[in-house]
Amino acid sequence: MAYVIPDADAYINANCLDIEDWQDSDDARKTRMLNVAGTTLARAYPKYTIPNAAVYEFANVLSIMYNDLLRMQQQGVSTFGLTGVFNVNFKDGTTSMPYDDLRKKIPQSALDIIGEENGVVINKRAWKAVIL
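Residues numbered from 1 in each chain as written. Predicted model: local features only at pLDDT ≥ 70, side-chain atom pairs only at ≥ 80, totals over all residues. Heavy atoms only, no water.

Participant: Which parts of the structure should I look at to understand the overall build of the protein?
Facilitator: Helices and strands together make up the secondary structure of the protein, namely 6 helices and 2 strands. Secondary structure elements in the protein, listed N-terminal to C-terminal, are α-α-α-α-α-β-β-α. For the protein, the share of sequence-separated contacts (at least 6 apart) that also reach a separation of at least 24 residues comes to 58%. Of the roughly 8800 Å² that the protein leaves accessible, carbon and sulfur atoms contribute 54%. (Helix = DSSP H or I, 4+ residues; strand = E, 2+ residues; numbered from the N terminus. Contact = heavy atoms within 4.5 Å. Areas by Shrake-Rupley, 256 points an atom, 1.4 Å probe, with all protein chains shown as cover.)

Participant: Would you take a moment to explain the packing of aromatic side chains for this structure?
Facilitator: For any two aromatic rings, the description comes down to two numbers: the centre-to-centre distance and the angle of the planes. Tallied over the full model, the rule gives 2 aromatic pairs. Where Tyr11 meets Tyr56, the ring centres are 5.8 Å apart and the plane angle is 50°; that geometry is what we call tilted. Of this pair, Tyr11 sits in helix H1 (residues 5-15) while Tyr56 is found in helix H4 (residues 52-65), placing the two residues 45 residues apart along the sequence. Overall, the relative accessible area of 18% leaves Tyr11 in the buried class. (Phe/Tyr/Trp six-rings, centres within 6.5 Å; stacked < 30°, edge-to-face > 60°. Buried < 20%, exposed > 50% of the residue type's maximum accessible area, 1.4 Å probe, protein only.)

Participant: Would you explain helix H3 (residues 27-44) in this entry?
Facilitator: Three or four residues apart is the spacing at which side chains of an α-helix point the same way, because the helix has 3.6 residues per turn. For H3, built from 18 residues, the straight-helix expectation of 26 Å at 1.5 Å per residue is met to within 8% by its first-to-last C-alpha distance of 25 Å. Every buried residue of H3 is listed here: Arg29, Lys30, Met33, Leu34, Ala37, Gly38, Thr40 and Leu41. Buried residues of H3, seen end-on, are gathered within an arc of 165° and therefore sit on one face of the element. Facing away from the buried side of H3 by more than 90 degrees, the exposed set consists of Arg32 and Arg43. (Expected span 1.5 Å × (residues − 1). Arc of directions from axis to C-beta.)

Participant: What am I meant to see in the pattern of salt bridges here?
Facilitator: Opposite charge on two side chains permits them to pair, given that their charged atoms come into close proximity. All told, the structure shown has 1 salt bridge when counted by the stated rule. Notably, a salt bridge pairs Lys30 with Asp9, separated by 2.9 Å at the nearest N-O pair. Here Lys30, found in helix H3, pairs with Asp9, found in helix H1; they are 21 residues apart in sequence, far enough to count as distant. Residue Lys30 shares its accessibility class with Asp9, and that shared class is buried. (Salt bridge = Lys/Arg side-chain N within 4 Å of Asp/Glu carboxyl O.)

Participant: Got a minute to help me understand the packing of H1 against H3 in this structure?
Facilitator: To characterise two packed helices, one gives the angle between the axes of the helices and the distance between these axes. For the pair H1 and H3, the least separation of the axes is 11 Å and the interaxial angle reads 80°. When the axis of H1 is compared with that of H3, the two are roughly perpendicular. From H1, Ile5, Ala8 and Asp9 reach across to H3, where they touch Asp27, Lys30, Thr31 and Leu34. Among the residues making up the contact of H1 with H3, the classes are represented as 3 nonpolar, 1 polar and 3 charged. (Axes fitted to C-alpha atoms, helices over the stretch in contact; angles between N-to-C directions. Parallel < 35°, antiparallel > 145°, perpendicular 65-115°, else oblique. Nonpolar A, V, L, I, M, F, W, Y, C, P; charged D, E, K, R; others polar.)

Participant: Which parts of the structure should I look at to understand the packing of H1 against H4?
Facilitator: Interhelical geometry of H1 versus H4 gives an angle of 70° and a closest axis separation of 10 Å. Overall, the two elements H1 and H4 adopt an arrangement that is roughly perpendicular. Between H1 and H4, the contacting residues are Asp7, Ala8, Tyr11, Ile12 and Asn15 on the first element and Ala53, Tyr56, Glu57 and Asn60 on the second.

Participant: Before we go on, may I ask you to explain the environment of Ala59 in this structure?
Facilitator: The topology assignment puts Ala59 in helix H4. The class of Ala59 is buried, set by a relative accessible area of 0%. Each C-alpha atom, one on Ala59 and one on Lys30, is 7.9 Å from the other, the two residues being 29 residues apart in sequence. With residues near it in sequence (within four places) discarded, Ala59 still touches Trp22, Met33, Leu34 and Ala37.

Structural data, given as structure tokens:
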């Protein structure tokens with residue numbers, strides 16, 4: 001599905017808290033984020049109608065996760081700094097592959113929107129059997 005960037009901008013500006021990475025993105029990056037978010041949601045929940053608002057929520061999260069600084073963390077950089085200006089130290093064990101399973105990163109807000117559209121409840125939590 002083709003998403004309209006001005007619609008995504010309006011939704012994210014009105015409904016999301018952390019929007020700086022989205023606002024700083026150019027149109028090509030926004031298009032990629034929207035396409036990846038839409039495709040990931042469609043593959044994860046093929047039985048449900050995916051509203052644009054859910055895609056916008058997830059695209060904003062992706063723009064935060066894949067900003068320049070956090071991308072370095074995911075690629076294994078442990079310390080980054082500009083002499084005398086700023087330094088960043090990442091926690092050990094926070095590295096992951098850049099294309100880790102994106103379904104794990106779908107925000108609950110997007111799942112709530114999908115659930116409302118389809119009349120179901122979708123949670124990130126899964127039931128697991130525990131033997132005591």
